[in-house]
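Observations on the three-dimensional arrangement
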Amino acid sequence: MQEPSIAGLAARLEARDLSATELCQHYLGRIEALNGSLNCVVTATPDQALAAAAASDQRRASGQTLSILDGIPILHKDLFCTRGVLTSCGSKMLANFVAPYDATVVSRLHAAGVVMLGKTNMDEFAMGSSNEHSHFGAVRNPWDLSRVAGGSSGGSAAAVAAGLAPIATGTDTGGSIRQPASFCGLTGLKPTYGRVSRYGMVAFASSLDQAGLFAPAAADLVNGLGVMSGMDPLDSTSADVAVEDYAAALGQSVRGLRVGLVREHFGSGLNNEVEARVRAVAQLLEQLGATILDVSLAESELTVPVYYVIALAEASANLSRFDGVRYGYRSKDPETLEDLYERSRSEGFGDEVKRRIMLGTYALSAGYYDAYYGKAQQLRRLMVEDFQRVFTEVDVILAPTAPEPAFELGALVDDPVKMYLSDVYTCPVNLAGLPAINIPAGLASGGLPIGVQFIGSHFSEAKLLGVADAIQRASDWHRARPECATGVAP
């Protein structure tokens with residue numbers, strides 16, 4: 001039996017065929033049974049979850065008008081602050097930090113009645129493409145435990161793919177929702193920058209980070225995205241733009257849709273099976289009445305260096321607050337204030353985070369700022385203009401999400417440059433602040449999922465969800481599940 005949809009679970013709750021408490025118990029049982037092998041949940045909150053589920057059952061029994069999400073379980077990536085619950089960011093630096101407030105994403109979903117099951121593992125401070133850079137150990141891909149789940153939101157992706165929750169939050173700085181979604185066979189949405197509040201979301205790179213969601217299908221994302229989206233007075237970067245009715249995007253035709261294939265995406269470095277799946281999705285769209293057009297993004301070759309200069313510079317600034325003084329990890333018995341700073345940061349941060357802080361600090365240092373960070377920002381502007389030009393020719397762009405299916409654990413840990421290149425198709429979206437969605441597009445010959453992404457113009461989330469839904473109504477690629485997730489419907 002396939003994992004049930006959000007709409008299916010909501011219908012069963014409404015019909016009293018299933019209680020929120022029973023649903024919560026089912027997923028808590030899945031976490032207890034499978035998390036030992038997957039390592040995708042770092043903090044389970046069973047008492048809090050069961051109390052929230054009981055409150056949902058009470059509201060339903062009293063005849064209140066409820067959100068479709070009321071009683072639906074969720075897992076949150078462990079960089080969203082959750083009041084009274086550990087928020088570790090996958091780091092020793094914050095391994096004992098209990099947030100005193102909720103992130104806006106968390107509070108809005110809570111107000112809609114969702115039931116938080118716990119917090120998911122992640123690359124430390126969201127820095128990584130494999131979820132191997134966590135203080136709590138690597139996350140394993142439920143399709144093959146010898147493979148990575150992707151990063152940095154690999155814990156959320158692995159949990160949903162394995163049936164530990166029907167939906168989970170993630171964040172995307174350079175592909176950290178879309179790439180794990182591709183590796184784990186899920187639908188993962190990265191909204192427009194500013195569409196969802198970043199308040200209470202521990203920052204990696206402030207001009208790139210954006211919160212989003214994982215679920216099996218596009219139809220499962222629409223209600224959660226609608227709740228999360230919108231202007232937040234607590235976040236000056238949130239956009240004062242009306243929130244669309246995302247559910248209305250479902251069931252639409254793609255006839256007449258102009259879909260762009262970027263010629264620069266199909267050069268060396270792209271796995272043959274990934275390219276074949278991209279072209280298979282394009283062929284399906286043509287059968288559904290869309291038009292496929294060849295387009296060019298001339299600045300594509302500059303994407304990775306520009307992204308990493310900007311992201312690491314911002315990370316260096318953001319992580320300077322972790323000094324062993326105010327909160328987080330503090331070294332024992334420092335001899336001087338300087339010793340406190342040096343030892344707390346050396347002991348509290350992992351190798352990948354320290355590598356990125358050093359590179360980012362170098363890019364911002366006197367004599368190098370103009371040559372690196374200033375130049376990268378100029379090139380970023382050219383990339384934004386490049387996308388704007390392409391979106392006068394097409395409605396959406398169809399692209400690979402990752403150059404290859406999930407790679408083996410440990411394969412790239414000692415080759416950070418090759419690891420960074422795995423973001424080549426995803427990070428342009430973040431640099432331009434655009435929305436994008438990964439959808440499953442079939443399996444590789446070895447049985448691992450392959451995803452493709454659709455990229456849209458600013459605030460076109462409804463259009464992307466509609467395209468993804470149309471493909472998922474016409475195919476069954478998104479229905480494939482790893483063996484551990486079969487037969488798990490409550």
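**Considerations on the nonpolar core**
Ranked by internal contacts, the top residues of the largest apolar core, which has 128 residues, are Phe125, Leu285, Leu398 and Phe454. In terms of residues, this core owes the most to one element, helix H9 (residues 303-318), which gives ten residues. The residues contacting leucine 285, other than those within four sequence positions of it, are Val254, Val259, Ala290, Ile292, Leu398, Phe454, Val467 and Ile471. In terms of nonpolar packing, the next biggest core, distinct from the first, is built from 15 residues, Val262, Phe387, Leu434 and Ala436 among them.

**Here we look at empty space enclosed by the protein**
Following the criterion strictly, the structure yields three cavities of 30 Å³ or more and no others. Its volume calculated, the largest cavity comes out at about 70 Å³. Lining of the largest cavity is provided by 13 residues; of these, Gly128, Ser129, Ser176, Tyr307 and Asp423 occupy positions nearest its centre. Taken together, the residues of the lining of the largest cavity sort by class into four nonpolar, seven polar and two charged. Here the second largest cavity defines a volume of roughly 40 Å³. Around the second largest cavity, the lining residues are Met127, Gly128, Ser129, His133, Glu352, Arg355, Arg356, Leu412, Val413, Pro416, Met419 and Tyr420. Of all the secondary-structure elements, those providing two or more residues to the lining of the second largest cavity are helix H11 (351-364) and helix H13 (416-421). Classifying every residue of the lining of the second largest cavity gives six nonpolar, three polar and three charged.

**Quick notes on the environment of asparagine 35**
Locating asparagine 35 in the fold gives a position in helix H2 (residues 20-38). A relative accessible area of 16% places asparagine 35 in the buried class. Put simply, asparagine 35 and glycine 155 are 120 residues apart on the chain and 10 Å apart in space, counted from C-alpha to C-alpha. Residues in contact with asparagine 35, not counting those within four places in the same chain, are Arg30, Cys40 and Val41.

**So, the environment of glutamine 388**
For glutamine 388, the location among the structural elements is in helix H12 (residues 370-390). Accessibility expressed as a relative area gives 42% for glutamine 388, which makes it partly exposed. Along the primary structure glutamine 388 and alanine 432 are separated by 44 residues, whereas in three dimensions their C-alpha atoms are 9.3 Å apart.

**Some thoughts on the pattern of salt bridges**
A complete count under the given rule lists 18 salt bridges for this structure. The partner of aspartate 70 in a salt bridge is arginine 59, with the nearest N and O atoms 2.9 Å apart. Taken as a pair, aspartate 70 in the loop between helix H3 (46-61) and strand S2 (73-77) and arginine 59 in helix H3 lie far apart in primary sequence, eleven residues in all. The partly exposed category is assigned to arginine 59, whose relative accessible area is 24%. The partner of arginine 326 in a salt bridge is aspartate 323, with the nearest N and O atoms 2.6 Å apart. Using a relative accessible area of 56% as the deciding quantity, one classes arginine 326 as exposed.

**Considering the packing of H2 against H3**
Axis separation between H2 and H3 bottoms out at 8 Å; the angle between their running directions is 155 degrees. The pairing of H2 with H3 is recorded here as roughly antiparallel in orientation. Crossing handedness for the pair H2 and H3: right-handed. The segment H2 lies against H3, with Ala20, Thr21, Cys24, Gln25 and Leu28 engaging Pro46, Ala49, Leu50, Ala53, Ala54, Ser56 and Asp57. In terms of residue class, the contact of H2 with H3 is built from eight nonpolar, three polar and one charged.

**Some details on the layout of surface pockets**
Empty pockets left among the atoms are what a rolling probe the size of a water molecule brings to light. By volume, the largest pocket amounts to about 530 Å³. Of all the secondary-structure elements, those providing two or more residues to the lining of the largest pocket are H12 and H13. Per-element accounting of the lining of the largest pocket gives the leading share, three residues, to H12. A class-by-class count of the residues in the lining of the largest pocket yields 14 nonpolar, seven polar and six charged. Looking at the second largest pocket, its volume works out to about 290 Å³. In terms of lining, the second largest pocket is formed by 20 residues, of which the most central are Tyr101, Met201, Val202, Ala203 and Arg321. Broken down by class, the residue content of the lining of the second largest pocket amounts to twelve nonpolar, five polar and three charged.

**Considering unusual backbone geometry**
With an omega of 5 degrees, the peptide bond between glycine 151 and serine 152 qualifies as cis. Mapped onto the elements of the fold, serine 152 is located in the loop between strand S5 (144-148) and helix H5 (154-161). Of note in the backbone geometry, arginine 16 takes a positive phi value of approximately 65 degrees without being a glycine. With respect to the element layout, arginine 16 can be found in the loop between helix H1 (6-14) and H2. Residue classification places arginine 16 among the exposed positions, given a relative accessible area of 55%. Non-glycine residue phenylalanine 459 carries a positive phi angle of around 60 degrees. With respect to the secondary-structure elements, phenylalanine 459 resides in the loop between strand S13 (449-455) and helix H15 (461-474). Judged by its relative accessible area of 26%, phenylalanine 459 falls in the partly exposed class.

**Let's talk about the packing of aromatic side chains**
Within this structure, the stated rule accounts for 14 aromatic pairs. Measuring from centroid to centroid gives 5.4 Å for tyrosine 101 and tyrosine 199, while their planes differ by 35 degrees, and the two rings are tilted. Remark: tyrosine 199 occurs in the loop between strand S7 (187-190) and strand S8 (211-215) and tyrosine 101 occurs in the loop between S2 and helix H4 (104-111); sequence separation between them is 98 residues. You can call tyrosine 199 partly exposed: its relative accessible area is 29%. With centroids separated by 6.2 Å and ring planes inclined at 40 degrees, the aromatic side chains of tyrosine 368 and tyrosine 372 adopt a geometry described as tilted.

The rules we used
- Sequence positions are assigned chain by chain, starting from 1 and proceeding in written order.
- Only residues with pLDDT of at least 70 get local features here, since the model is predicted, and only at 80 or more are side-chain atom pairs given and counted; chain-wide, interface and lining totals rely on the full set of residues.
- As a rule here, side-chain values come from all non-hydrogen atoms in the structure, and water together with hydrogens is ignored.
- We define a nonpolar core as any set of buried Ala, Val, Leu, Ile, Met, Phe, Trp, Tyr and Cys residues linked to one another through side-chain atoms lying within 4.5 Å.
- Three labels apply to residues, based on accessible area from a 1.4 Å probe with only protein chains included: buried if under 20% of the type maximum, exposed if over 50%, partly exposed otherwise in between.
- Working definition: helices are DSSP H or I runs of at least four residues, strands are E runs of at least two. Numbering for both runs from the N terminus.
- Contact criterion: two residues are considered in contact whenever any of their non-hydrogen atoms come within 4.5 Å of each other.
- The way it works is a 1 Å grid over only the protein atoms, where trapped points that fit a 1.4 Å probe form a cavity and open points with protein on both sides within 12 Å along at least five of seven lines form a pocket, and then any residue with an atom within 4 Å of a point lines it.
- Grid points are joined across faces, edges and corners, and a volume is the space filled by probe spheres set on the points.
- Residues are grouped as follows: Ala, Val, Leu, Ile, Met, Phe, Trp, Tyr, Cys and Pro are nonpolar; Asp, Glu, Lys and Arg are charged; all remaining types, including Gly, are polar.
- One speaks of a salt bridge when a side-chain nitrogen belonging to Lys or Arg is within 4 Å of a carboxyl oxygen belonging to Asp or Glu.
- Every axis corresponds to a line fitted to the C-alpha atoms, with the helix fit spanning only the stretch in contact, and the corresponding angles, defined between N-to-C directions, vary from 0 to 180 degrees.
- By the definition adopted for this analysis, an angle is roughly parallel if under 35 degrees, roughly antiparallel if over 145, roughly perpendicular if from 65 to 115, and oblique otherwise.
- Here a crossing is called left-handed whenever its near helix is offset anticlockwise from the far helix by less than a right angle, and right-handed whenever the offset is clockwise.
- Only Phe, Tyr and Trp rings take part, Trp by its six-membered ring, and two of them pair if their centres are within 6.5 Å. Stacked means planes under 30 degrees apart, edge-to-face means over 60, and tilted covers everything else.

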